[in-house]
Amino acid sequence: ANLDAMKAYPGRFKAIAVVDPAVDDRTLENLAEAGVVGVRFNLPSYEPDALIRPGASRFLERLKAIGWFAQIYADDEQWPPAAAVLRASGVRVLVDHCGVRDIVVGTGHPGFRSVLALGREGIATVKLSSLFRVSKMLAGFDDLDPYVDELLKAFGVNGCIWGSDWPFINVSNRPIYADLLPPLSRWLPDPGDRARVLGVNPRRLFGFAGQ
C-alpha cells in the first residue's frame, strides 16, 4: 500500500503489513498512523518458523500493544504450535483462508481443531477467503461445506469475514470473481448474517470509524 496516499485520506483506507520483527517502535507507530492494523504471517511460503523462533512472542506482544492483529496463513500441521504461541501472546488473530490448507485431511485434523479452538475462545476471527485455493472445485465449492459449518459453530457469524483473494496471484486456474460470492448464500441464508460477514464485521476488525 502507498502510505502517503493512505495518509492523504485519514480513516478511509486500512492495510495489513508484512514487516521485519526487528522493526523499531517509531516505524510501527508511523504505519499505525497511516492506517495499518495488522501484520500477515505466511508460514507455508516464506517463514515457517516465524511464530516459534526466538523473539517471536515478543514481536506478537508488541503487535498487541499497538492494537494490531496477527493474520496467519499456515499449513495444517503448523497450526497447533502456532495457535499455542498466539494464545499465550494475547494478540488478536485473523485466521486466513478458512484455516485449512488441504481439505483431504478432514475436519478432525489437529490443525483445524486448533483453529476452531481459537474461535471458541473468542480470540480470533476467521476469513472465509481464497475458496478456490482451498477447494478442489473451481466454482460452487461444495466440498468446503463441512469446514465452513464447523467454522460457523466455533466462531459464530460475528467472528467471520469474507475475502476474494483478488488479484488471484500464483494460481494456474484463475477463478471468476462472480463465482466466489454465491457460496455465502448457501452458508449464510439469512441476509442479515451475510451483511455482517461482508460489511459489519470487517469494519469492526479493521477499525473503521463508527464501529
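Parameters and conventions
- Residues numbered from 1 in each chain as written.
- Predicted model: local features only at pLDDT ≥ 70, side-chain atom pairs only at ≥ 80, totals over all residues.
- Heavy atoms only, no water.
- Disulfide = S-S within 2.5 Å.
- Buried < 20%, exposed > 50% of the residue type's maximum accessible area, 1.4 Å probe, protein only.
- Axes fitted to C-alpha atoms, helices over the stretch in contact; angles between N-to-C directions.
- Helix = DSSP H or I, 4+ residues; strand = E, 2+ residues; numbered from the N terminus.
- Parallel < 35°, antiparallel > 145°, perpendicular 65-115°, else oblique.
- Contact = heavy atoms within 4.5 Å.
- Nonpolar A, V, L, I, M, F, W, Y, C, P; charged D, E, K, R; others polar.
- Pairing = 2+ DSSP bridges.

J.: For this particular structure, what's the right way to read the state of the cysteines?
T.: A covalent bond between the sulfur atoms of two cysteines is what we call a disulfide. On inspection of all chains with the given rule, the structure shows 0 disulfides. Not part of a disulfide, Cys98 finds its nearest cysteine sulfur in Cys160, a span of 9.1 Å. Judged by its relative accessible area of 2%, Cys98 is buried. Judged by its relative accessible area of 0%, Cys160 is buried.

J.: Explanation requested: the packing of helix H5 (residues 110–120) against helix H7 (residues 145–155) in the structure shown.
T.: Helix packing for two helices is described by the angle between their axes and how far apart those axes are. Following both chains from N to C, one finds H5 and H7 inclined at 30°, their axes separated by 7 Å at the closest point. If you check the angle between H5 and H7, you find them roughly parallel. Taking contact as the criterion, the partners of Phe112, Arg113, Val115, Leu116, Gly119 and Arg120 in H5 are, on H7, Tyr147, Glu150, Leu151, Ala154 and Phe155. Across the contact of H5 with H7, the residue classes break down as 7 nonpolar, 1 polar and 3 charged.

J.: What is the right way to read the sheet that holds strand E3 (residues 69–73) from this model?
T.: Strand pairing within a sheet occurs via backbone hydrogen bonds; the two strands may be parallel or antiparallel. The strand order E1-E2-E3-E4-E5-E6 describes an open sheet built from 6 strands, whose pairing is parallel. Every interior strand has two partners, whereas the edge strands, strand E1 (15–17) and strand E6 (160–163), have only one. If you compare each strand with its neighbour and ignore which way they point, the axes differ by 30° on average. In the sheet, E3 pairs with strand E4 (residues 92–95) via 4 bridges, with the strands oriented parallel. Bridge pairing in E4 links Phe69 to Arg92. Strands E4, strand E5 (124–129) and E6 of the sheet are contacted by H7, whose axis makes an angle of about 155° with E5.

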